[in-house]
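Chain by chain, the residues:
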Amino acid sequence: MEDSPAIDFSQALDEETLFIVSQTFKAISDPTRIRILYLLFEREYAVNEMSEELGLKQSTVSHQLRFLKNMRLVKSRREGTSIYYSQADAHVMQILKQMIEHAAHC
């Protein structure tokens, strides 16, 4: 993992940063969204593939993907009539991976 600039934790968080952090945690607090993001660790998926893999309706997966895309946590690309989704934020994916590993060791 690359080194990040040091954060001065003695300073109060500004409102915009607080909002972004809270919304990101909200986005990854939903079990269905965690399952979707977990799939995207491996590779990109089309909605119908995710739906089959997760045992969920395509409308449910599409709804959650729209939310994750609005949060810039997933991105999409079109290939013919199919849209493929992949992870878009390596930082959040790393946090999610660490939380999954933490939960597995508890």
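Given the structure is predicted, the values throughout are model-derived calculations rather than measurements.

Colleague: Whenever I open this one, the pattern of salt bridges confuses me. Can you help?
Modeller: Opposite charge on two side chains allows them to pair when their charged atoms are near. Throughout the structure, instances matching the rule amount to 3 salt bridges. Glu49 is the salt-bridge partner of Arg43, the closest N and O atoms lying 3.8 Å from each other. Residue class for Glu49 comes out partly exposed when judged on its relative accessible area of 28%. For the salt bridge of Glu79 with Arg77, the shortest nitrogen-to-oxygen distance reads 2.9 Å.

Colleague: Could you clarify how one ought to interpret the nonpolar core in this entry?
Modeller: In globular proteins that are soluble, nonpolar side chains generally tend to be buried together. Judged by nonpolar contacts, the single largest core of 19 residues is most densely connected at Ile36, Leu37, Met50, Leu65 and Val74. Going through the elements one at a time, helix H2 (31-42), helix H3 (47-54), helix H4 (58-70) and helix H5 (90-105) are the ones with two or more residues in this core. Take this core: its biggest share by element is 4 residues, from H2.

Colleague: How do you make sense of the environment of Phe25 when you look at a structure like this?
Modeller: Here Phe25 is to be found in helix H1 (residues 15-27). Owing to a relative accessible area of 49%, Phe25 belongs among the partly exposed residues under this scheme.

Colleague: Explanation requested: the packing of H2 against H5 in the structure shown.
Modeller: The relative placement of two packed helices is expressed as an angle between their axes plus a distance between the axes. Across the interface, H2 lies against H5 with an axial gap of 11 Å and an inter-helix angle of 105°. With respect to their mutual orientation, H2 and H5 come out roughly perpendicular. The segment H2 lies against H5, with Ile34, Leu37, Tyr38, Leu40 and Phe41 engaging Met93, Leu96, Lys97 and Ile100. Its residues assigned to classes, the contact of H2 with H5 shows 8 nonpolar, no polar and 1 charged.

Colleague: Would you take a moment to explain the environment of Lys26 for this structure?
Modeller: Tracing the chain through its elements places Lys26 in helix H1. In this structure the C-alpha to C-alpha distance between Lys26 and Leu39, which are 13 residues apart in sequence, comes to 19 Å.

Colleague: Help me understand the pairing of strand E3 (residues 82-87), please; the structure alone is not making it clear to me.
Modeller: One ladder, built from 2 bridges, connects strand E1 (residues 45-46) with E3; its direction is antiparallel. By the bridge assignment for E3, Ala46 is matched with Tyr84. Bridge analysis of strand E2 (residues 74-79) against E3 gives 6 bridges, and the strand direction is antiparallel. From the neighbouring strand, Ser76 faces E3, where its bridge partner is Tyr85. Between the end of E2 and the start of E3, which pair antiparallel, lie 2 residues, with Gly80 showing a positive phi angle near 65°.

Colleague: I tried to follow the sheet that holds E2 on my own but got confused; where do I start?
Modeller: Strand order in the open sheet formed by 3 strands is E1-E3-E2, with antiparallel pairing between adjacent strands. A strand with exactly one partner marks an edge of an open sheet, and here the two such strands are E1 and E2.

Colleague: Could you clarify how one ought to interpret a nonpolar patch on the surface in this entry?
Modeller: Residues Val21, Phe25, Ile95 and Met99 make up a contiguous nonpolar surface patch of about 370 Å² in total accessible area. Looking at the nonpolar patch, the elements with two or more residues in it are H1 and H5.

Rules and cut-offs
- Residues numbered from 1 in each chain as written.
- Predicted model: local features only at pLDDT ≥ 70, side-chain atom pairs only at ≥ 80, totals over all residues.
- Heavy atoms only, no water.
- Salt bridge = Lys/Arg side-chain N within 4 Å of Asp/Glu carboxyl O.
- Buried < 20%, exposed > 50% of the residue type's maximum accessible area, 1.4 Å probe, protein only.
- Core = buried A, V, L, I, M, F, W, Y, C linked by side-chain atoms within 4.5 Å.
- Helix = DSSP H or I, 4+ residues; strand = E, 2+ residues; numbered from the N terminus.
- Axes fitted to C-alpha atoms, helices over the stretch in contact; angles between N-to-C directions.
- Parallel < 35°, antiparallel > 145°, perpendicular 65-115°, else oblique.
- Contact = heavy atoms within 4.5 Å.
- Nonpolar A, V, L, I, M, F, W, Y, C, P; charged D, E, K, R; others polar.
- Pairing = 2+ DSSP bridges.
- Patch = residues over 30% accessible without salt bridge, like charges linked within 9 Å, V, L, I, M, F, W, Y side chains within 5 Å.
- Areas by Shrake-Rupley, 256 points an atom, 1.4 Å probe, with all protein chains shown as cover.

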